[in-house]
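# Working through the structure, step by step
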Amino acid sequence: MRADLKLIHGWVPERARVLDLGCGDGTLLAALARDKGVTGYGLEIDPDGITACIEKGVNVIEQNLDEGLANFDDDACDLVIMTQALQALRRPDLMLDEMLRVAGECIITFPNFAYWRHRLYLGFKGYMPVSKSLPHAWYDTPNIHLSTFNDFERLCRDKGLIISDRAVGNGEHEGHWTSRLWPNLCGETAVFRVSRGPGG
Amino acid sequence: MPELPRDSVGLVTPQTAHFDAPLELACGRTLPSYELVYETYGELNAERSNAVLICHALSGHHHAAGYHSPDDRKPGWWDAHIGPGKSIDTERFFVVSLNNLGGCHGSTGPLSHNPATGRQWGPDFPMMTVTDWVHSQARLADRLGIQRFAAVIGGSLGGMQVLQWSLNYPERVANAAVIAATPKLSAQNIAFNEVARQAIRSDPDFHDGRYAEHDTLPRRGLKLARMVGHITYLSEDAMGSKFGRDLRSDDFNFGYDVEFQVESYLRYQGDTFSNRFDANTYLLMTKALDYFDPAAPHGGDLAAALAPASCPFLVVSFSTDWRFPPSRSRELVDALIRAGKAVSFANIDSPHGHDAFLLPEPRYQAVFAGFMKRVARDLNLEAH
């Protein structure tokens, strides 16, 4: 399993009702169902991902995240997960609102644009960074809203949300001690666990 | 003798099941006895756990796969998806496909004799509903010793029967596939059906449905009905790419004979259909479509209506289907989600409109086959 998925797997409570936005081939939901009795749905638009989910027995709905989650009631789930999709959405901030309408808590992962390798790439080469976590050229990338670990934290603060957990990962490896110290610099992938603020 | 394709179920022979127990119908009337014509493909396993029921659409029938004779020009109507190694793999599954009551392909319907009068039922045959069909299909399952279907599957009107099965007999449906269907017809759908009915009923040869007694057939009406229906089965793009504005001859004739290729095609479709389909059956099948609305008794709350269902669903729609467009499948999917049911939904990109559910298309086949593989795995069904 991808490193960020492994981390999330540990965070999801037993028997939770989960909505996985951009669930890919259903690996995470299948593992959560098997190991923790988790139920729920995955949303996906990639045809191969959808077929893979159906074959695995993962509930998958062909649905474009940019169209919102209007078909899910308030508090329909316990937890909404979105891995590596936030940066590809038209309005990540509105999606965050939607996610915390459908569930009290959400887990989000995205590529940290302030990762030191990206900084070096941009700083020294003068080109938009291309890396393992950001493999596209600037003109054909689906990642239209790149942000940093700090940016996301600020958005959550502005919205009055509670960040109950945060972590960073580096590729396939477990987080190094340096990324605990300087996550915005040393983390390649940002992982946030966010819940509604006191007003929400 | 021409050789049959290797992935065909081969030569098949329809069978007939006779039922003497009266069937009470939604319209308040009762069928004292009736017959159902059906075909089966593959073998029922010892545990009787590998049966799949196929529900047919408006003009469908029991002959879903294989050939009746080596000289048949075409196989059954869903041969693209039923056979060895196909989506519904007959090496694994035992497939049951029947002609619904009120049909005109051998099951009891307007063409049958009414035991009470000794004459043909004709227009006096009781109006059928999707629920009536489901109850009659359940009796056929009893007869075949099938307590629970591994999957109940259907497209269009067939998909509505699948949905009804999951509500009337949840314990007898392990999985459900609802393809190119809708939880209820829209005003526009009913309007098209009404045009088709009026075309038939206003044909001077219709004689209030007693055309057999007048030794005639309302061919013109049925032809018109089919022509209208056929337009709704195809997408604008499919018609455009198939016919465009092509003419049959080099120039306009400035008359009302066939000039455009699309006219020729529609007339041909209408003619063939009017020679093989019964007008009274067509009328009652369109009414069954119009009446279907499982949410109605729940004040229109589809999610509440779906409460009894307990099986996982696969819902499939096709991008250019404007008869039952993807939004109607979404309506069903959203209600299933709201009701907390297990459901997967795929909207297949296809240029073929509503007819796409009958055709082979790589992504449709991958989704369908993937679903059936999971069904087989969950039920521990091995290939023979």
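These figures come from a predicted structure and were not determined experimentally.

### Describing the overall build of chain B
Looking only at helices and strands, one finds ten helices and twelve strands in chain B. Against the compact-globule benchmark of 21 Å for 384 residues, chain B has a radius of gyration of 21 Å, which places it among compact chains. Evaluated residue by residue, chain B yields a buried proportion of 56% over its 384 residues. Summarising the internal contacts of chain B: among those between residues at least 6 apart in sequence, 72% fall at separations of at least 24. Entry remark: accessible area of chain B is about 16,100 Å², with carbon and sulfur atoms responsible for 50%.

### Considerations on the interface of chain B and chain A
With 23 residues of chain B in contact, the opposing surface of chain A contributes 18 residues. Summed over both partners, the interface of chain B with chain A comes to about 1,600 Å²; 49% of that surface belongs to carbon and sulfur atoms. At the boundary of chain B with chain A, the tally comes to three salt bridges. K373(B) serves as the salt-bridge partner of E55(A), at 3.9 Å between the closest nitrogen and oxygen. One can count 15 residue pairs in polar contact (both at pLDDT 80 or more) joining chain B with chain A. For the side of chain B that touches chain A, the secondary structure elements donating two or more residues are α9 (326–338), β12 (343–348) and α10 (362–378) of chain B.

### Overview of the pattern of salt bridges
Opposite charge on two side chains permits pairing when their charged atoms draw close. Under the criterion given, the structure shown has 27 salt bridges over all chains. Between R196(A) and D75(A) there is a salt bridge whose closest N-O contact spans 2.8 Å. Here D75(A) lies in the loop between β3 (60–62) and β4 (79–83) and R196(A) lies in the segment after β7 (189–195), a separation of 121 residues in the sequence. D203(B) serves as the salt-bridge partner of R220(B), at 3.5 Å between the closest nitrogen and oxygen. With R220(B) in helix α4 (residues 219–233) and D203(B) in the loop between α3 (187–201) and α4, the pair connects residues that are 17 residues apart, well separated along the chain. Using a relative accessible area of 5% as the deciding quantity, one classes D203(B) as buried. A single network of salt bridges, built from pairs that share partners, joins D74(A), E98(A) and R101(A).

### What about the UniProt feature "active site" (unreviewed entry) in chain B?
Residues and elements named next belong to chain B. In the numbering used here, UniProt assigns the "active site" (unreviewed entry) feature to S156, D321 and H354. Spanning 199 residues, the annotated positions come together in the fold, the maximum distance between their C-alpha atoms being 10.7 Å. Tracing the chain through its elements places D321 in the loop between β11 (313–318) and α9. If sequence neighbours within four positions are ignored, D321 has contacts with A180, P326, G353 and H354. When you line up the elements, H354 lands in the loop between β12 and α10. Setting aside chain neighbours within four positions, we find H354 in contact with S156, A180, T232, Y233, D321, R323 and F324.

### Side note on a nonpolar patch on the surface
Residues and elements named next belong to chain A. Nonpolar side chains collect at one region of the surface, where W116, L120, F124, L181, W182 and L185 lie side by side and expose about 650 Å² of accessible area between them. The element best represented in the nonpolar patch is helix α5 (residues 116–125), accounting for three residues. With respect to the secondary-structure elements, W116 resides in helix α5. Accessibility expressed as a relative area gives 34% for W116, which makes it partly exposed.

### Here's the deal with the UniProt feature "site: Important for acyl-CoA specificity" (unreviewed entry) in chain B
Residues and elements named next belong to chain B. If you check UniProt for "site: Important for acyl-CoA specificity" (unreviewed entry), the listed places come out as R323 in our numbering. For R323, the location among the structural elements is in the loop between β11 and α9. You can call R323 buried: its relative accessible area is 8%. The contact partners of R323, leaving out residues within four places of it in the chain, are L58, N189, N193, T232, Y233, L289 and H354.

### Description of the domain arrangement of chain B
Residue and element names in this part refer to chain B. Looking at the assigned domains, one finds that chain B contains domain 1 (15–184 + 296–379) and domain 2 (190–285). Carbon and sulfur atoms supply 59% of the area that domain 1 and domain 2 bury against each other, a total of about 2,200 Å² over both sides. When the area that domain 1 buries against domain 2 is broken down by residue, the three leading residues are L58, W322 and R323, summing to 28%. Where domain 1 meets domain 2, there are one salt bridge. Between D124 and R210 there is a salt bridge, and its shortest N-O distance comes to 3.1 Å. Linking domain 1 with domain 2 are nine residue pairs in polar contact (both at pLDDT 80 or more), by the criterion used here.

### Examining the packing of α3(B) against α4(B)
All names here are of chain B. Axis separation between α3 and α4 bottoms out at 7 Å; the angle between their running directions is 165°. Between α3 and α4, the angle falls in the class roughly antiparallel. Here α3 and α4 pass one another in a crossing that is right-handed. Packed against α3, whose contacting residues are F192, V195, A196, A199 and I200, the element α4 presents G221, L222, L224, A225, V228 and T232 at the interface.

### Structural notes on the packing of helix α3 (residues 47–56) of chain A against α10(B)
The relative placement of two packed helices is expressed as an angle between their axes plus a distance between the axes. Relative orientation of the contacting elements α3(A) and α10(B) amounts to 20°, with a least axis distance of 7 Å. Accordingly, the angle class assigned to the pair α3(A) and α10(B) is roughly parallel. Here α3(A) runs over α10(B); the crossing is right-handed. Each of P47(A), I50(A), T51(A), I54(A), E55(A) and K56(A) in α3(A) lies in contact with α10(B), whose residues at this interface are R363(B), A366(B), V367(B), G370(B), F371(B), K373(B), R374(B) and R377(B). Grouping the amino acids of the contact of α3(A) with α10(B) by side-chain chemistry returns six nonpolar, two polar and six charged.

### Observations regarding empty space enclosed by the protein
All names here are of chain B. Overall, the coordinates contain one cavity of 30 Å³ or more when judged by the stated rule. Here the largest cavity defines a volume of roughly 60 Å³. For the largest cavity, the full set of lining residues is L58, F192, N193, A196, A225, V228, G229, T232, Y233, Y282 and R323. When residues of the lining of the largest cavity are traced back to their parent elements, those giving at least two are α3 and α4. Class assignment of the residues belonging to the lining of the largest cavity gives a composition of seven nonpolar, three polar and one charged.

What counts as what
Every residue gets a number counted from 1 within its own chain, in the order that chain's sequence is written. As a convention, the first chain written is A and the first ligand written is 1, with the rest following in written order. Totals for whole chains, interfaces and linings use every residue, but because this is a predicted model, local features are given only for residues with pLDDT of at least 70 and side-chain atom pairs only at 80 or more, for both listing and counting. Only hydrogens and water are set aside; all other atoms, that is, all heavy atoms of the structure, feed into the side-chain values. Going along the chain from the N terminus, every DSSP run of H or I of four or more residues is numbered as a helix, and every run of E of two or more is numbered as a strand. Radius of gyration here uses only the C-alpha atoms, and the compact-globule reference equals 2.2 Å multiplied by the residue count raised to the power 0.38. Only protein chains enter the area calculation, which uses a 1.4 Å probe; residues under 20% of their type maximum are buried, those over 50% are exposed, and those in between are partly exposed. By definition in these notes, contact holds between two residues if any of their heavy atoms fall within 4.5 Å. Here, Shrake-Rupley sampling with a 1.4 Å probe gives the accessible areas, and only protein chains in the shown set may cover a residue. Computed with a 1.4 Å rolling probe, the buried area is the accessible surface lost when two parts are put together, summed over both parts. Should a side-chain nitrogen of Lys or Arg be within 4 Å of a carboxyl oxygen of Asp or Glu, the pair is scored as a salt bridge. In the analysis that follows, any N or O atom pair within 3.5 Å is treated as a polar contact, provided that within protein one partner can donate a hydrogen and the other can accept it, and provided that, for residues neighboring in sequence, both atoms belong to side chains. UniProt positions are given in the numbering used here, feature names are shortened, and annotations may be inferred rather than shown by experiment. Residues forming no salt bridge and having over 30% relative accessible area are the ones grouped into patches, like charges within 9 Å of each other and nonpolar side chains (Val, Leu, Ile, Met, Phe, Trp, Tyr) within 5 Å. What marks off one domain from the next here is an automatic or database domain assignment. Axis angles are defined between N-to-C directions and span 0 to 180 degrees, where every axis is a line fitted to C-alpha atoms and, for a helix, only to the segment in contact. An angle below 35 degrees is read as roughly parallel, one above 145 as roughly antiparallel, one from 65 to 115 as roughly perpendicular, and any other as oblique. Crossing handedness follows the turn of the near helix against the far one: under a right angle anticlockwise gives a left-handed crossing, and clockwise gives a right-handed one. Classification used: nonpolar for Ala, Val, Leu, Ile, Met, Phe, Trp, Tyr, Cys and Pro, charged for Asp, Glu, Lys and Arg, polar for all others including Gly. In the cavity and pocket records, a cavity denotes points on a 1 Å grid over the protein atoms alone where a 1.4 Å probe fits but cannot get out, a pocket denotes an open set with protein on both sides within 12 Å along at least 5 of 7 lines, and lining residues are residues with an atom within 4 Å of a point. Grid points are joined across faces, edges and corners, and a volume is the space filled by probe spheres set on the points.

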